[in-house]
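Secondary and tertiary structure notes
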Amino acid sequence: DAKTTQPNSMESNEEEPVHLPCNHSTISGTDYIHWYRQLPSQGPEYVIHGLTSNVNNRMASLAIAEDRKSSTLILHRATLRDAAVYYCILHSGDNAGNMLTFGGGTRLMVKP
Amino acid sequence: EAQVTQNPRYLITVTGKKLTVTCSQNMNHEYMSWYRQDPGLGLRQIYYSMNVEVTDKGDVPEGYKVSRKEKRNFPLILESPSPNQTSLYFCASSPLIRRGPRLHEQFFGPGTRLTVL
């Protein structure tokens with residue numbers, strides 16, 4: 001699977017939107033973009049995934065650049081519960097290995 | 001409640017003493033996987049299984065074994081643990097879907113913190 005690059009950490013104020021960027025310049029046409037988050041002392045939790053079009057669910061929105069070389073996870077109103085490490089992962093739809101390779105992620109801190 | 005369970009949650013053992021960490025899911029998922037998480041190295045996949053009796057190596061399989069005799073269970077076996085296997089271990093499961101990404105949402109267990117002295 002191709003590699004992703006994320007900032008090590010970001011800070012946000014409670015109740016404000018948060019935009020978490022991810023660069024994946026070597027993405028291939030069959031790679032899906034997945035986001036997971038890991039709250040302190042817990043296992044990772046699925047957030048959202050997409051291929052080309054922007055996606056929304058109850059947790060977040062995923063905005064994917066037209067060239068697909070970057071994407072942004074959007075939390076519309078950050079809460080203290082959203083403080084976590086957020087992982088952007090590429091997963092190939094053709095990948096016979098079916099592995100998910102987690103990078104370093106972005107540690108999101110939310111200030112009250 | 002749909003969940004992935006792991007046992008034990010915490011384990012301290014000594015070098016060379018065989019151990020098994022169990023993982024069980026109640027969602028009838030085909031895909032199961034083991035990860036280890038270490039500071040500065042993130043989550044790395046150890047082994048995964050696409051279905052019963054089908055297992056394959058992930059990024060860091062050395063020193064580990066797995067088996068998938070039943071769909072719901074995917075135990076991780078350390079035949080001769082060493083201190084470099086001290087880590088936080090996560091089991092995960094996911095349905096496999098036929099179109100789009102083969103892996104959809106993965107459900108993770110609560111983790112097993114293993115210390116090998």
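Described below are features of the structure shown in this document. Because the structure is a prediction, the values reported are computed rather than measured.

What follows deals with the sheet that holds strand 5 (residues 55–56) of chain A. All names here are of chain A. In spatial order, the strands read 2-7-6-5; together these four strands make up an open sheet with antiparallel pairing. Two strands in the sheet have a free side with no partner beyond their single neighbour: strand 2 (18–23) and strand 5. Across four bridges, the pairing between strand 6 (residues 61–64) and strand 7 (residues 70–75) is antiparallel. Across the sheet, the residue bridging to I64 is S71, located in strand 7.

All names here are of chain B. One open sheet accounts for four strands, arranged 1-3-8-7; its pairing is antiparallel. If you trace the sheet from one side to the other, it starts and ends with strand 1 (4–7) and strand 7 (65–66), each paired once. The pairing of strand 3 (residues 19–25) with strand 8 (residues 76–78) spans three bridges and is classified as antiparallel. For T20, the partnering residue across the bridge sits in strand 8 and is I77.

How each quantity is defined
- Residues numbered from 1 in each chain as written.
- Chains lettered and ligands numbered in written order.
- Predicted model: local features only at pLDDT ≥ 70, side-chain atom pairs only at ≥ 80, totals over all residues.
- Heavy atoms only, no water.
- Pairing = 2+ DSSP bridges.
- Helix = DSSP H or I, 4+ residues; strand = E, 2+ residues; numbered from the N terminus.

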